Amino acid sequence: MLVDVILGLQWGDEGKGKIVDYLADKYDIIARFQGGPNAGHTLYIDGVKHVLHTIPSGIFRKGKINYIGNGVVIDPITLVKEIENLEKQGVPVQERLVISKRANLILPSHKMLDAASENAKGASKIGSTLKGIGPTYMDKTGRNGLRFGDIIEEDFIVKYELLKAKHLQLLQMYNFDFDLNEMEKEWFEAVEKLKTLKQVESVYFINEALKKGKKILAEGAQGSMLDIDFGTYPFVTSSNTISAAVCTGLGISPKHIGEVIGITKAYCTRVGSGPFPSELEDEVGEKLRQVGGEFGATTGRPRRCGWIDLPALNYACLINGVTKLIITKADILNSFEEFGVCTHYAYDNKETKDLPYDMVNRKIKPTTIYFKSWGNIDAQQAMPAELLAYVDYLEKYLNTKVAMVSNGPGREQLIELADK
Ligand code: GDP
Ligand code: IMO
Ligand code: MG
């Protein structure tokens, strides 16, 4: 059996949660492989909005296992809140959720370090979600981290205190005001609750499932342009967000990767600092934000908006080996008579489809062409000619087929495109 992958091709918030929830019905296991509660994945089920941060987006589907893989970083406080919220709504989380022992834990002091580091950066801050992601991955690669499996070990408190002491020293260097006591109390209470969840050994769990013929869907967080290696560094997150991370984040071999389904909005957004060549800092961008409801699912921050960026999307298709595309939020372009598509970048006196090594220090001028928009696409399965022309253009530019177009936030608001 192969593992299919769903991931974002832009700077996050492409609508991954909605698509994973829709497709989860066809799989046995839905697995998050990286990131942490910096993610906010929104699902609308029977008109009710749900936002998931750490729990995979298959949790609403009966009979499915949702797996938090070793590549994920977990904040016990956020995770327990998520579980309690879902349980209040009658979702039997305990029976549907399993967690890798190797997933690293976000400590309260990691969150303080995130805030202190951003504060010290001043105007050049990353625009982090302040969930402690960067410091936690730093401790993971620095070989200091605490892992989920540690919570049931005898020396857990000793390990915790050691790491906290290191953080307190670092915080002194930042000269940053903080109070850990309240958060620490909540954190330890949450850890107690997490002890009741099912812990698994990544490699055996996932490979035995594959051997038994279970169908697995890997759910990405963030987007390819936020990847630690290939994104708009240093304005990125601290994990690999691309398809390669499915192997390291779940413990499977590359030979088990099946379809790589890349999600892109019909336009583009970014939240936080960093390069965004096709950004619209005018009334058109503001209209996209208002009509598209472009406010962060995790932090509530207004998202920066612009036209779709095809050089960046092409780059993302290359790194991920995307086999199918899904376009979301096509309905938002209903409200525009025409819309732009960035086809090239101009920098260093040349026009090119290639991204520069250092996007931060290049003045990039986007080349934009315009497409006529469509009227209403609310009706199921009705694809206006203008939308088909746009899909056709994207397919040719990216040399990849578009499998679905999403035309609303609801689970069923999707048009599947037949093979042309
Ligand atoms: P994710 O992080 O990739 O899961 O995306 P977010 O949940 O952060 O942001 C996507 C937003 O767009 C959410 O509010 C979704 O409910 C919404 N959404 C997803 N697909 C569509 C769509 O096709 N049309 C509209 N109007 N909204 C959508
Ligand atoms: P989902 O999964 C959009 C951005 C932050 C910031 C940068 C680093 O919902 O698509 P971090 O907290 O990771 O250190 O922040 O990355 N960022 C996201 N932007 N969607 C996300 O997740 C994001 N997760 C992180 O805004 O610019
Ligand atoms: Mg999101």
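Counting restarts for each chain, with residues numbered from 1 along the sequence as it is written. Starting at A for chains and at 1 for ligands, labels are handed out in the order in which the entities are written. Under the rules for a predicted model, residues below a pLDDT of 70 receive no local features and side-chain atom pairs below 80 are neither given nor counted, while totals for whole chains, interfaces and linings still include all residues. Based on all heavy atoms of the structure, the side-chain values leave hydrogens and waters out of the count.

Chemist: An account of the site of ligand 1 is needed here, citing residue identities and associated values.
Modeler: With respect to spatial proximity, 19 residues lie near ligand 1, and among them Gly15, Lys16, Thr42, Asp331 and Ser406 are the closest. Take glycine 17: an N or O atom from its main chain is 2.9 Å from an oxygen atom of ligand 1. Contacts described as polar in this section are N or O atom pairs within 3.5 Å, which, within protein, must combine one atom able to donate a hydrogen with one able to accept it, while residues neighboring in sequence count only if both atoms come from side chains. Taking arginine 303, its side chain carries an N or O atom lying 3.1 Å from an oxygen atom of ligand 1. Method for areas: the Shrake-Rupley scheme with a 1.4 Å probe, in which residue coverage is limited to the protein chains shown. Expressed as a share of its isolated accessible area of 590 Å², the protein-covered part of ligand 1 is 92%. If you list the elements that add at least two residues to the shell around ligand 1, you get helix H1 (16-23) and strand E3 (41-45). Residue type decides the class: Asp, Glu, Lys and Arg count as charged, Ala, Val, Leu, Ile, Met, Phe, Trp, Tyr, Cys and Pro as nonpolar, and the leftover types, Gly among them, as polar. Grouping the amino acids of the shell around ligand 1 by side-chain chemistry returns 4 nonpolar, 8 polar and 7 charged. Here a residue is considered near a molecule or strand provided that any single heavy atom belonging to it is located within 4 Å of it. Only runs of H or I of at least four residues qualify as helices and only runs of E of at least two qualify as strands under DSSP, and these elements are numbered from the N terminus.

Chemist: A description of the coordination of the magnesium ion (ligand 3) should follow, citing residues and the corresponding values.
Modeler: Counted as coordinating are nitrogen, oxygen and sulfur atoms within 2.8 Å of the metal, or 3.2 Å for Na, K and Ca, while water is not included, which may make sites look incomplete. Distances from the magnesium ion (ligand 3) to its protein donors, Asp13 (OD) and Gly40 (O), fall at 2.1 to 2.2 Å. Of this pair, aspartate 13 sits in the loop between strand E1 (3-8) and H1 while glycine 40 sits in the loop between strand E2 (29-32) and E3; the two residues are 27 residues apart in sequence, bridging distant segments of the chain. In this scheme, a residue with accessible area under 20% of its type's maximum is buried, one over 50% is exposed, and one in between is partly exposed, where area comes from a 1.4 Å probe on protein chains only. When its relative accessible area of 12% is taken as the criterion, glycine 40 is described as buried.

Chemist: Tell me what's going on with unusual backbone geometry, and back it up with residues and numbers.
Modeler: In this model, tyrosine 233 is joined to proline 234 through a cis peptide bond whose omega is 5°. The residue proline 234 is located in the loop between strand E10 (216-219) and helix H9 (244-250) in this model. Phi at glutamine 222 is positive, roughly 55°, even though this residue is not glycine. Relative to the elements of secondary structure, glutamine 222 occurs in the loop between E10 and H9. The buried category is assigned to glutamine 222, whose relative accessible area is 8%. Despite not being glycine, aspartate 348 has its phi angle at roughly 50°, a positive value. Look at aspartate 348 and you get partly exposed, because its relative accessible area is 48%.

Chemist: Help me get a handle on the site of ligand 2, residues and values and all.
Modeler: Taken together, 21 residues lie around ligand 2, and Asp13, Lys16, His41, Thr129 and Thr237 are the ones closest in. Histidine 41 places a side-chain nitrogen or oxygen 2.7 Å from an oxygen atom of ligand 2. Here valine 271 contributes a backbone N or O atom positioned 2.9 Å from an oxygen atom of ligand 2. Contact with the protein chains covers 97% of the free accessible surface of ligand 2, which is 550 Å².

Chemist: Requested: an account of helix H8 (residues 202-211), with residues and values cited.
Modeler: For H8, the complete set of buried residues consists of Ser202, Phe205, Ile206, Ala209 and Leu210. Taken down its axis, H8 places every buried residue within 125° of arc, on the same side. For H8, exposure combined with an orientation more than 90 degrees from the buried face picks out Tyr204 and Lys211. To be clear, the arc concerns the directions from the helix axis to the C-beta atoms.

Chemist: Residue-level account of the pattern of salt bridges, with values.
Modeler: The working definition used for a salt bridge is a side-chain nitrogen of Lys or Arg within 4 Å of a carboxyl oxygen of Asp or Glu. Under the defined criterion, the tally for this structure stands at 24 salt bridges. Residues lysine 159 and aspartate 150 are paired through a salt bridge, measuring 3.4 Å at the closest nitrogen-oxygen approach. Of the residues examined, aspartate 150 reaches a relative accessible area of 8% and is grouped as buried. Residue arginine 289 pairs with glutamate 286 through a salt bridge whose shortest N-O separation is 2.7 Å. Taken together, the residues span about one helical turn, with arginine 289 and glutamate 286 both in helix H10 (residues 283-292) at a distance of 3 residues. Overall, the relative accessible area of 15% leaves arginine 289 in the buried class. Judged by its relative accessible area of 33%, glutamate 286 falls in the partly exposed class. Each of Asp13, Lys265, Glu294, Arg303 and Lys329 takes part in a single network of salt bridges with overlapping partners.

Chemist: An account of the sheet that holds E2 is needed here, citing residue identities and associated values.
Modeler: Pairing between the strands of a sheet is mediated by backbone hydrogen bonds and can be parallel or antiparallel. The 10 strands are arranged E9-E7-E5-E2-E10-E1-E11-E15-E19-E20 in an open sheet whose pairing can be described as mixed. Either end of the sheet is taken by a strand with one partner, and the two such strands are strand E9 (198-200) and strand E20 (414-416). Neighbour to neighbour, the strand axes of the sheet diverge by 25° on average, direction disregarded. As defined by bridge partners, strand E15 (residues 324-328) adjoins strand E19 (residues 402-406) across 3 bridges and the pair is classed as parallel. When the bridges of E19 are listed, isoleucine 326 appears paired with methionine 404. Strand pairing follows a simple DSSP-based rule, namely that at least 2 bridges must link the two strands. Every angle, taken between N-to-C directions, lies between 0 and 180 degrees, and every axis is a line fitted to C-alpha atoms, over only the stretch in contact when it is a helix.

Chemist: Any chance you could break down the pairing of E1 for me, citing the residues and the numbers?
Modeler: Regular strands place side chains that alternate from one sheet face to the opposite one. Judged by how many residues are buried, E1 sits mostly within the fold: 6 of 6 residues are covered. Burial along E1 is two-sided: Val3, Val5 and Leu7 facing one way and Asp4, Ile6 and Gly8 facing the other are all buried. With 5 bridges connecting them, E1 and strand E11 (residues 257-265) associate as parallel partners. Across the sheet, the residue bridging to valine 3 is isoleucine 257, located in E11. In the sheet, E1 pairs with E10 via 4 bridges, with the strands oriented parallel. Counted as the bridge partner of isoleucine 6 is glutamate 219 from E10.

The quantities given are spatial measurements derived from coordinates; they are silent on function.
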